[in-house]
Amino acid sequence: MAKSAYERRGESICAGHERSRLVGGVPLVVEPSSPFVGMLKHLPDSSSWAHSSQIFDSGADDVSVGWLEPWSIPLSVSHGSATATTFVASPKSALFLYGIEEIDLIPNSASRLLIRMALRLGSELAGILKFDKFVFIHNSLLTTNLLENISFTDTLGAVRRINHELPGHYIGIRSISRSINSSVHDTLAEGGFRMIAARSIYICKDPLEQLRRRRDHIRDSALIEKHHLRFREPVSDADFQIIAKLYRSLYIDKHSGLNPHYSAHYFQCAVKSRFLSIRLVLCGDDIIIGFIAFHQTTKALSIPAMGYDPNGSQPFVYRALINLAFRVAAHNGLMLHLSAGAASFKRSRGATQEIEWMAVYVENLHVVKRLFIEVLSYLSTRIAAPLMVRFRI
């Protein structure tokens, strides 16, 4: 069968970038990310514990971050503050408060009312049962927290240590994807953890094939050439200040204060330690109009942060950044984790929807708290997950 003009154009683009290994002046190769623990050790006065203020500007006042030896397992500890905490450290924010903010995405008014009532009830119960006194293990505090090479034996060892030292805290793991972490999901579910549907995400399992086939990718690639966009890595303090400003305008000001309030210093430490790889996008006289951050494991590439002016005059920036992410993932033979949101945009570029899970350990909980988690797991699996798939939220 003869190939369409778009298919021929897609193959030409993929072949061209395979040969050059450059897009907009930067290489497509991205090295596997260094561990989060390595980044923590780059923080001033680093020890095995640090206050969240060394990572966030605000929004996580009662959170500590660190790692457990001898396993070098990163973790966050929240102590149940009454103030709302970023969802990367707070299960209450992740499962209830964020959902309440996104209720308006549901088109049916009756469904909106019932779901809002359920989420508010869940939030109240979570407060009563101190659900935000929580330790997330294997937590790198990224919006998309890719997991890799998790030893169940080490995880149980860490759980026992935490339960001994912080007996009143819940213990869990966030950002579990069946596509990326199928063995982790199944092992935890059989080993004393209960799985809770946390959010709807989008993953592209074969970015190279989608780049070749999808017309939207061809159009997005053409934007980079049409607008003479260039990419480079951040090098100066001023670059990181711009990154933090662009991130805040998109994630915090436009979307939600429950997103992590990353500081310029955090982005700088993350790049210096090679925990994140960041590309700036420039146009005109080397004016920075956006950025994208990558985090990579041996299986997947994620976009834990990006930024541009959502009210600016360059509506093509988001498309160009996502196109770069597809090319980087394709060149490195990785799945692409596109996180949540922008459902129709991501589906049109070949990503598929799935549920991301949170695992909560129940063997250490007294009967009322354990019952809360058991019911939450059941309801989220039987009701919340199908609704997230149905309404694509």
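Procedures and definitions
- Residues numbered from 1 in each chain as written.
- Predicted model: local features only at pLDDT ≥ 70, side-chain atom pairs only at ≥ 80, totals over all residues.
- Heavy atoms only, no water.
- Helix = DSSP H or I, 4+ residues; strand = E, 2+ residues; numbered from the N terminus.
- Rg over C-alpha atoms; globule rule 2.2 N^0.38 Å.
- Buried < 20%, exposed > 50% of the residue type's maximum accessible area, 1.4 Å probe, protein only.
- Contact = heavy atoms within 4.5 Å.
- Areas by Shrake-Rupley, 256 points an atom, 1.4 Å probe, with all protein chains shown as cover.
- Lys, Arg positive; Asp, Glu negative; His and termini not counted.
- Charge placed at Lys NZ, Arg CZ, Asp CG, Glu CD.
- Pairing = 2+ DSSP bridges.
- Axes fitted to C-alpha atoms, helices over the stretch in contact; angles between N-to-C directions.
- Phe/Tyr/Trp six-rings, centres within 6.5 Å; stacked < 30°, edge-to-face > 60°.
- Lys NZ or Arg CZ within 6 Å of the ring centre and 35° of its normal.
- Core = buried A, V, L, I, M, F, W, Y, C linked by side-chain atoms within 4.5 Å.
- Right-handed = clockwise from strand over helix to strand, strands pointing away.
- Patch = residues over 30% accessible without salt bridge, like charges linked within 9 Å, V, L, I, M, F, W, Y side chains within 5 Å.
- Salt bridge = Lys/Arg side-chain N within 4 Å of Asp/Glu carboxyl O.

Our next topic: the overall build of the protein. Looking only at helices and strands, the protein has 13 helices and 14 strands in total. In terms of overall size, the protein behaves like a compact globule, its C-alpha atoms giving a radius of gyration of 21 Å where 393 residues would be expected to give roughly 21 Å. Counting only C-alpha atoms, the protein reaches 60 × 50 × 40 Å along its principal axes. Residues counted as buried form 54% of the 393 residues belonging to the protein. Excluding contacts between residues fewer than 6 apart, the proportion of contacts in the protein whose partners are at least 24 apart in sequence is 74%. As presented, the protein carries roughly 17,200 Å² of accessible surface, and 53% of it is formed by carbon and sulfur atoms. Averaging the coordinates of the 44 positive side-chain charges in the protein and doing the same for the 35 negative ones gives two points 6 Å apart.

Inspection of the secondary structure puts Gly-350 in the loop between α12 (343-347) and β14 (352-361). According to the relative accessible area criterion, Gly-350 is buried, its value standing at 10%. For the pair Gly-350 and Ser-273, spaced 77 residues apart in sequence, the C-alpha separation works out to 32 Å. Excluding its chain neighbours within four sequence positions, the residues that come into contact with Gly-350 are Cys-204, Gln-210 and Arg-214.

In this section: the sheet that holds strand β11 (residues 287-296). Pairing is mixed across the open sheet formed by twelve strands, whose spatial order is β3-β4-β5-β6-β7-β14-β8-β13-β12-β11-β10-β9. A single partner strand is all that each edge strand has here, and the edge strands are β3 (49-51) and β9 (230-232). Averaged over all pairs of adjacent strands, the angle between their axes in this sheet comes to 30 degrees, without regard to strand direction. Along the sheet face, helix α13 (residues 367-391) touches β7 (170-177), β8 (193-204) and β14 and points at about 25 degrees away from the line of β8.

Take the packing of aromatic side chains next. Any pair of aromatic rings gets described here by the distance separating the centres and the angle formed by the planes. In total, this model carries 18 aromatic pairs according to the counting rule given. Here Tyr-262 and Tyr-266 contribute two aromatic rings whose centre-to-centre distance is 4.5 Å and whose plane-to-plane angle is 15 degrees, an arrangement assigned as stacked. Note on accessibility: Tyr-262 and Tyr-266 belong to one class, buried. Pairwise contacts between aromatic rings join Phe-56, Tyr-247, Tyr-251, Tyr-262, Tyr-266, Phe-267 and Phe-291 into one cluster. Between Arg-349 and the ring centre of Phe-345, over which it is positioned, the NZ or CZ distance is 3.6 Å.

The biggest cluster of nonpolar side chains holds 101 residues, and the ones touching the most others in it are Phe-131, Tyr-266, Phe-267 and Phe-291. Here the element with the most residues in this core is helix α11 (residues 317-331); it accounts for eleven residues. Look past the residues within four positions of Phe-267 in its chain and what remains in contact with it is Phe-240, Ile-243, Ala-244, Tyr-247, Tyr-262, Ile-278, Phe-291 and Ala-305. Counting 25 residues, the second-largest nonpolar core is a separate cluster that includes Val-135, Leu-147, Val-184 and Phe-193.

With that settled, the discussion passes to the side chain of Ser-175. Inspection of the secondary structure assignment puts Ser-175 in strand β7. Ignoring sequence-local partners within four residues, the contact set of Ser-175 consists of Thr-143, Thr-144, Asn-145, Leu-147, Asn-181, Glu-356 and Trp-357.

Attention now moves to the environment of Arg-215. Position of Arg-215 among the secondary structure elements: in helix α8 (residues 215-226). C-alpha of Arg-215 to C-alpha of Ser-348: the two residues are 133 residues apart in sequence and 8.8 Å apart in space.

Bringing the pairing of β7 into the picture now. In terms of residue burial, β7 counts as a mostly covered element, since eight of its eight residues are buried. Where strand β6 (residues 133-137) meets β7, three bridges bridge the pair, whose relative direction is parallel. When the sheet's bridge partners are listed, Val-135 is paired in β7 with Ile-171. Handedness of the β6-helix α5 (residues 152-165)-β7 crossover: right-handed. Where β7 and β14 come together, four bridges link them in antiparallel fashion. The residue of β14 that forms the bridge with Ile-176 is Trp-357.

Further remarks concern the pairing of β14. Counting buried residues in β14 gives eight out of ten residues, a clear majority hidden from the surface. Where β8 meets β14, ten bridges bridge the pair, whose relative direction is antiparallel. Paired with Ile-201 across the strands is Glu-354, a residue of β14.

Side chains of Leu-371, Val-375, Tyr-378, Leu-379 and Ile-383 sit close together on the surface and give an oily, nonpolar patch of about 470 Å² of accessible area. Along the chain, the position of Leu-371 falls in helix α13.

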